[in-house]
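Chain by chain, the residues:
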Amino acid sequence: MSEQGETATLTARLLERAAPKRADFEDLVIVPVFAVVVALILGGVAMLATNVDLETIGRSYVALAYGSIGSINALSETITAATPLILAGLGVALGFRAGLFNIGAEGQILMGGMAAVVVGFSFTGLPMLVHLPLALLAGIVAGALYAAIAGWIRAATGAHEVILTIMLNMISYRLVDYMLRMPAIQRPGRSDPISSSVLPTAELPRLLEWLGPNLRLHSGVFLMLAAVLFVYWLLFRSTIGFEFRASGESPEAARFAGMRSGLIIVLVMALGGAFAGLAGANQVLGVLGRASSGFSAGIGFDALAVALLGRSHPFGVVIAGLLFGALEAGGRQMQVDAGVSIDLIGIIQSLIILFIAAPLVVRALFPWGFRKGAPASKE
Amino acid sequence: MEIELRGITKRFGEVVANSDVNLTIRAGEVLGLLGENGAGKSTLMNVLSGLYRPDGGEILIDGKPVQFRGPGDAIRAGIGMVHQHFMLVPVFTVAENVVLGVEPTGPVDFLDLKKARAQVREINETYGLEVDPDEYIENLPVGVQQRVEIIKVLFRSANAIIFDEPTAVLTPQEVTEFFAIVKSLRSAGKAIVFITHKLHEILEVADRISVLREGRIVGEGVPGKTTDLELAEMMVGRPVSFKVDKTPFSPGPVLLDVQHLTVLRENDAVAVNDLTLNVRAGEIVGIAGVQGNGQSELVEALAGVRRVAGGSVMFQGKDITGASARDRHRLGMAHIPEDRQRTGIIAAFTVAENMVLDTYYDSRFSRGLAMDWQAVNQNSAAAAAAFDVRTPSIFEKAGHLSGGNQQKLVVARELNRDTKLLIASQPTRGLDVGSIEYIHKRIVDAREEGDGILIVSSELDEIMSLCDRILVMFKGRIVAEFGAAGRPANKNDIGLAMAGVAA
Amino acid sequence: MKRSLKTWLAATLLATSTLTGFGAAAADFTACEVTDTGGIDDNSFNQTAWKGVQDAQAKLGIKGRYLESQAETDYTANINSLLGQCDLIITVGFLLGDATKAAAEANPNQKFSIVDYAYDPVLPNVAGQVYATDQAAFLAGYLAAGMTKSGSLGVFGGINIPPVTIFMDGFHQGAEYYNKQKGTKVKVLGWDPAKREGLFTNNFDSLDDGRAFAQNLYDEGADIVLPVAGPVGLGSAALANELGVDKLKIIGVDADLYLTDPERKHVYLTSIMKRMDATVMEVIDSAMKGTFKGGVVVGSLSNGGVDLAPLHDMETMVPDELKKELATIRQQIIDGTIKVGN
């Protein structure tokens, strides 16, 4: 009886969760915050080095803040820019979680966007309730299939997914150029690679048009939020996510536990591609209304940074995506108000990534932000 | 030469790895440093060899305090370390490996290998090491490779040599030869530190013994005066029993029937060659052998994680030759893999997640695609409590657990369900006395419940104390059988069979 | 949130009222340019259009700003972020056509002007600036045909769009005209005016492509190459610089590259100039005077909107007779005797 009681107490004690450790807090909050601060400071130094005076630098950063969060329009632009980054970032993050470095988001965005556009202008007379979901689905499926090619080759032959996805990106650029010249897709009367316009029934409705005609925020943001919740559930609440994470942390242990690594690789790639494809569909149905060569605009590569910065966690990806979206929207304002080159925003983005990737540098720069004695493993 | 560690304290964050450790190492003497895994032995030796800087205390050499800013300083002070994992370049010769990093050069910076070979021969003769300086490392047995490591240390004029778990990779014969080398080093006036958790070895070779537990020196002993039970109690902190109690041998029907099994390595070399064996219910079958004779491949093939090239595997009369790991698992086969860090657990996963690593799909833990974490957590906590997995919480990362607790976690996962056959590869490798005792008890419990058990181990003592039948594997084949129907088990005969000497 | 909304509404209203007000005083007039992905310093139309704004700054005392687009997704956003802050928004390039149209329709009180594009039907608040570039290209084709030693000329474009192919058409036609007059068989590689197909880099920013395409054409025998791809042509110029100007000459487009690319000025036979600075200046001037109206502004040889650049260092190498013929043809195009285009 008493032994049973003892076991029960022990079991109860084992079920207690430890309070979040300070080291976790440092890693998740302090390092990124400092990374952003240092990047902004170094961005200022870079401006100084190119003979920009202090007053202009000050004005630039005020413009950066104003252009990203200072008004409804700024918020709308920030979220509009962040939505595809977050969607594609989720796809990349899924890959990271499963130990796959999917560089192919750019190509998957292109294929997804193309499929969505084709469905978006081809079916006339459909009600929006049917047409829009169909176009979105086309984007998702096209992205998933395109990514699954890399997954399948990786699983079947062991060829590295980085090489595969880079090559598939290359192919997708040319494929899109080719498709945009096909008579069925090319806009009538145009000789340059541009598609017909998406029909209104397949457009993602704008949300704030009643406030102002130039507010571009569209309902893709709801898709994005749903995708974030779905990925969270998938990764942490589903058996598939358990398999993904196990394969990512230790493919050998996962295999020994009876998980089918080949299937997991294909599935992860396909799911990641589905989100990138949705990002592409989001762009053409919500922002551009058509496809032209290079409509992916490097979102697939920024998504890598977003996933990295978000620590491959769906909520982290949201924050990172919003940060990048804010930098993009604010960077525009910076250019308008202070006449500072848009390249500076690229420099600041890169610096943030650099410092996140090298937390030790941040720790060295801001020793007072961290508890003394870097936590290290035992023994 | 005399090295004194005085009040050494080393902390990692909040974890105290060494606390006020005092130790003296003298020329011409073997100091045995005994302790469980995680007791702080490695940390202490890393302080001594300059890898870590202590947070407190000092190191004195011949009475003079010294400061090591890095391993280079320690080497210059005459302290050399032979690591558990050898640091040799397989495609270089012995002489080339020995001089690597401190190459003797002739005029105009020419690599003078002739000189290197001569120096290796000289060291050979002085200490009776018998290593051909021109042989390539990859062609040498493990025991000889270890001697190359020793030559490397001697070549760098070490006066004190630290051996970290030196016998873990050796055959019994090689262990005997190794002890002879240690004795010759001692008589040549070297100071030796011998780190191990194996009691009988330390009793055989050490002059003095210090026992480390939880970062502190908890006791000292002298062979001949102190008994192995006393030492084990110091190590673990409670009385320990070495005897495995089990009921008389009364095997049931054949569970696992392996016929003419052939398994290949990655490079298509034959690892398991036309091997036949069986395991019956209620018996523990042990496979003894020097590592690398096909045991790992055999176990992987039986567990369904390596393809079978020929022959058949039957389980309870059912052909499972081509069955997946999951299918076998569902049939009631359990597998404790050889390399717990790489294939047994996922270090970044929590204890709870590791506890369901191969059962998460089971209706107990998930409904459809949705995991039932509540059930997982309840079950994991109960299993962790039942199998003595010491962790602050089941939400702790498995990688933060000690080796013994990681292994107990694997054992708990594999046995905490309805199993019929357990395949365990090196189930206690690198574990401390307390954990070994516990895991052995659990394995015997499984046998009492009527499970068949197949154990692969390179620890002869483990095989001898646990198993009802012992098979010796050499170059992919079973070359001898002891116990039960075969000859009575005898350490010397088994050792010879392991070395491939036909008996 | 609520407050920022109010502030924003107020700002918008304020901006709109300013815009609908009377012709602004010079110092208050702001002209803004949105570039395409080539950037403000592309040595080509973005830069030339910006020169028009700068000229207006100097001569009319206005304020000027520009926004560079890094990707196609930036076009709309860039235009939007200038709304209400500029009296005139000048978008540069065919590719901004859709975005400009959408913004103009949504903001009927904002004045726009777009370089290299015209709307049909016209929008009341957009002045499209288009150029009869083929007239100048015709002259360049004739000149090149008269100067080639190998009998082959090369041409390649950025993207297969009208503002690019119009150069190629005129160039081709000019060379053909030379053949007809002189009975020669000078070939033009890289463009088939009948099939509307030819060599295109499919971008306006890769200098590497400019080099590679020129190299291909050179390998095929061309000794004079016309790259119609904005800054991509600078790559071609670099190749000509290395090969030597006697082996390969380049014809510049948009601006007089002899002036804008001084490091390699010696490789340019001439340039086909689109004087976007002139038309931009003209539109700004009309907006300030209150005479701005939507429609099309065409730059041609007759009003100086397009022209062939001076020969500069090549002056002595071009035979006087050829120069005379060019002058005649130029006059014939202006008075309509020679019809360029279809």
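Residues numbered from 1 in each chain as written. Chains lettered and ligands numbered in written order. Predicted model: local features only at pLDDT ≥ 70, side-chain atom pairs only at ≥ 80, totals over all residues. Heavy atoms only, no water.

**Some thoughts on unusual backbone geometry**
We count it as follows: Segments assigned H or I by DSSP are reported as helices when at least four residues long, segments assigned E as strands when at least two residues long, and all are numbered from the N terminus.
Residues Asp120(C) and Pro121(C) are joined by a peptide bond in cis, for which omega reads 0°. Along the polypeptide, Pro121(C) turns up in the loop between strand 4 (111-115) and strand 5 (126-131). The backbone phi angle of Ser312(A) is positive, close to 55°, even though this residue is not glycine. Note that Ser312(A) resides in the loop between helix 12 (299-309) and helix 13 (314-338).

**Focus: the sheet that holds strand 7 (residues 187-189) of chain C**
Residues and elements named next belong to chain C. Formally: The pairing criterion for strands is at least two bridges between them, as found by DSSP. Fitted lines through C-alpha atoms serve as axes, helices being fitted only where they are in contact, and the angles separating the N-to-C directions of these axes extend from 0 to 180 degrees.
Taken together, the 6 strands give an open sheet; going across it, the order is 7-6-10-11-12-14, and neighbouring strands pair in mixed fashion. What marks the edges here is a single partner per strand, and that holds for strand 7 and strand 14 (306-308). For this sheet the average axis-to-axis angle between neighbouring strands, irrespective of direction, equals 20°. Relative to strand 10 (residues 224-228), strand 6 (residues 152-157) is paired through 5 bridges, and the arrangement is parallel. Counted as the bridge partner of Val155 is Leu226 from strand 10.

**A look at the confidence of the model for chain C**
Rules: Each residue carries a pLDDT value, the predictor's own confidence for that position, ranging from 0 to 100.
For chain C, per-residue confidence averages 87 on the pLDDT scale, and residues scoring 70 or more make up 92% of the total. With pTM at 0.79, the complex prediction returns an ipTM value of 0.84.

**Section: the environment of Ala58(C)**
Residue and element names in this part refer to chain C. As a reminder of what qualifies: Throughout, exposure labels follow a simple rule: accessible area from a 1.4 Å probe, protein chains only, divided by the maximum for the residue type, with under 20% read as buried, over 50% as exposed, and the rest as partly exposed.
In this fold, Ala58 is placed in helix 2 (residues 45-60). Given a relative accessible area of 67%, Ala58 falls into the exposed group. Separated by 168 residues in sequence, Ala58 and Leu226 place their C-alpha atoms 33 Å apart.

**A short note on the state of the cysteines**
All names here are of chain C. Applied cut-off: Sulfur atoms of two cysteines make up a disulfide when they are within 2.5 Å.
Following the criterion strictly, the structure yields 1 disulfide over all chains and no others. The disulfide that involves Cys32 links it to Cys86, with 1.9 Å between the sulfurs. Every disulfide takes its handedness from the sign of the S-S torsion; for Cys32 and Cys86 that torsion is -85°, giving left-handed. Within this pair, whereas Cys32 is found in strand 1 (residues 30-34), its partner Cys86 is found in the loop between helix 3 (74-82) and strand 3 (88-92), the two being separated by 54 residues in sequence. With a relative accessible area of 1%, Cys86 lands in the buried category.

**A few points about the pattern of salt bridges**
All names here are of chain B. Heads up, the rule is: Note on definitions: salt bridges are taken to be side-chain nitrogens of Lys or Arg within 4 Å of carboxyl oxygens of Asp or Glu.
In the structure shown here, the tally under the stated rule is 54 salt bridges over all chains. The partner of Glu266 in a salt bridge is Arg306, with the nearest N and O atoms 3.1 Å apart. Placement of Glu266 in the loop between strand 11 (254-264) and strand 12 (270-280) and of Arg306 in the loop between helix 9 (295-303) and strand 14 (310-315) is noted, with a sequence separation of 40 residues between them. Overall, the relative accessible area of 16% leaves Arg306 in the buried class. Among the ionic pairs, Arg413 bridges to Asp358, the shortest N-O distance being 3.8 Å. Taken as a pair, Arg413 in helix 14 (residues 403-415) and Asp358 in the loop between helix 12 (351-355) and strand 17 (366-367) lie far apart in primary sequence, 55 residues in all. Accessibility assignment for this pair places Arg413 and Asp358 in one class, buried.

**Some remarks on the nonpolar core**
In globular proteins that are soluble, nonpolar side chains generally tend to be buried together. Stated precisely, the cut-off is as follows: We call a set of buried residues a nonpolar core when its members are Ala, Val, Leu, Ile, Met, Phe, Trp, Tyr or Cys and they connect through side-chain atoms within 4.5 Å of each other. In this description, contact between two residues means that some pair of their heavy atoms is separated by no more than 4.5 Å.
Counting residues in each nonpolar core, the largest one holds 115 residues, and the members touching the most others are Phe242(A), Phe244(A) and Leu285(A). Beyond its immediate chain neighbours, meaning those up to four positions away, Leu285(A) contacts Ala116(A), Leu132(A), Ala135(A), Leu136(A), Val198(A), Ala202(A), Glu203(A) and Leu204(A).

**Overview of the pairing of strand 13 (residues 284-288) of chain B**
Residue and element names in this part refer to chain B. Most of strand 13 is tucked away: 5 of the 5 residues are buried. By the alternation rule, side chains of strand 13 split into Ile284, Gly286 and Ala288 and Val285 and Ile287, which are all buried. Relative to strand 20 (residues 452-457), strand 13 is paired through 5 bridges, and the arrangement is parallel. For Ile287, the partnering residue across the bridge sits in strand 20 and is Val456.

**Remarks on the interface of chain A and chain C**
Our working rule: Summed over both partners, buried area is the accessible surface (1.4 Å probe) that two parts give up on being assembled. In protein, a polar contact requires one atom able to donate a hydrogen and another able to accept it; more generally it is a pair of N or O atoms within 3.5 Å, and residues adjacent in sequence count only if both atoms are side-chain atoms. Three classes are used, and their members are as follows: Ala, Val, Leu, Ile, Met, Phe, Trp, Tyr, Cys and Pro are nonpolar, Asp, Glu, Lys and Arg are charged, and the others, Gly among them, are polar.
Of the residues lining the interface, 37 residues belong to chain A; the matching set on chain C comes to 33 residues. Together, the buried faces of chain A and chain C total about 2800 Å²; carbon and sulfur atoms form 50% of this surface. At the boundary of chain A with chain C, the tally comes to 4 salt bridges. One salt bridge in this structure joins Asp98(C) and Arg290(A), with 2.9 Å as the shortest N-O distance. There are 9 residue pairs in polar contact (both at pLDDT 80 or more) connecting chain A and chain C. Broken down by secondary-structure element, the contributors of at least two residues to the side of chain A that touches chain C are helix 4 (72-97), helix 11 (261-288) and helix 13 of chain A. Examining the composition of the side of chain A that touches chain C, we find that 6 residues originate from one element, helix 13 of chain A, more than from any other. For the side of chain A that touches chain C, a count of residues per class yields 12 nonpolar, 13 polar and 12 charged.

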